[in-house]
Amino acid sequence: EGPHPVLIFVHGGSWEKGDKKLYGWAGRRFASEGYLTAVINYRLAPTYGYDEFMTDTAKAVAFVADEAEAFGGDQDQLYVAGHSAGAYNSVQVALAPEFLGAEGKTTDIIDGVIGIAGPYSFLPLQVDATRNAFGSAEDLEATQPINRVTKQAPPMLLLHGAEDDDVLPANSTELARLLT
């Protein structure tokens, strides 16, 4: 039965590793709560960079939006969630209209975002993972979600462990401050 709200989950892994196959548990868990769930992949660094993994994320969001109804989903209840690098991709696809625009969509198709321990502000590029993923980006400032916040941003739930020393909690608190 349906229609069901739709949740797209994006895996983490410093943009260098990870695979949707490792997150079947997330898809099953959200599905058990009544969500039509898609867990997606994206091309990884160092072979690919910012433009490619964001393009892949946008293509997946657009595809799921177009096909959700055929699987019992409600296109008017589309949410994107992710962990770590996947949280970044989820937030950025909602804030950077050029990616969904290239797919013939607007960011208005996203009704909400859940970011779990995401990096949203990391300039200058100080670690190999960010240099590998973002080093070829033409406009580094535009790659930072904190620089893309507008009043049109969808609602966001930002979750972060207070003692996270991989991705500092200040990433989530600063983005939350800018969104209010």
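Before reading on, note that the structure itself is shown above.
Just so we're clear, the structure is a prediction, and the values are computed from it rather than from any experiment. (Residues numbered from 1 in each chain as written. Predicted model: local features only at pLDDT ≥ 70, side-chain atom pairs only at ≥ 80, totals over all residues. Heavy atoms only, no water.)

**Some points on the overall build of the chain**
Thinking step 1. In terms of helices and strands, the chain carries six helices and five strands.
Thinking step 2. Each helix (α) and strand (β) of the chain, taken in turn from the N terminus, gives the series β-α-β-α-β-α-α-β-α-β-α.
Thinking step 3. Computed over C-alpha atoms, the radius of gyration of the chain comes to 15 Å, within 12% of the 16 Å expected from 2.2 N^0.38 for 180 residues, which places it in the range of a compact globule.
Thinking step 4. Considering only C-alpha atoms, the chain reaches an extent of 50 × 35 × 35 Å along its principal axes. (Helix = DSSP H or I, 4+ residues; strand = E, 2+ residues; numbered from the N terminus. Rg over C-alpha atoms; globule rule 2.2 N^0.38 Å.)

**Brief notes about the sheet that holds strand 3 (residues 73-83)**
Thinking step 1. Pairing is parallel in the open sheet, where five strands are placed in the order 2-1-3-4-5. Where the open sheet ends on each side, the last strands, each with one partner, are strand 2 (36-40) and strand 5 (156-159). The sheet shows a mean angle of 15° between the axes of neighbouring strands, taken without regard to direction.
Thinking step 2. By the bridge criterion, five bridges tie strand 3 to strand 4 (residues 112-116) in an arrangement that is parallel. The residue of strand 4 that forms the bridge with Ala81 is Ile114.
Thinking step 3. The strands that helix 1 (residues 24-32) touches are strand 1 (4-10) and strand 2; relative to strand 2, the one it contacts most, it runs at about 165°.
Thinking step 4. Across the sheet, helix 3 (residues 85-95) lies against strand 1, strand 3, strand 4 and strand 5, angled at about 135° from strand 3, the strand it touches most. (Pairing = 2+ DSSP bridges. Axes fitted to C-alpha atoms, helices over the stretch in contact; angles between N-to-C directions. Contact = heavy atoms within 4.5 Å.)

In short, shape yes, function no, at least from these values alone.
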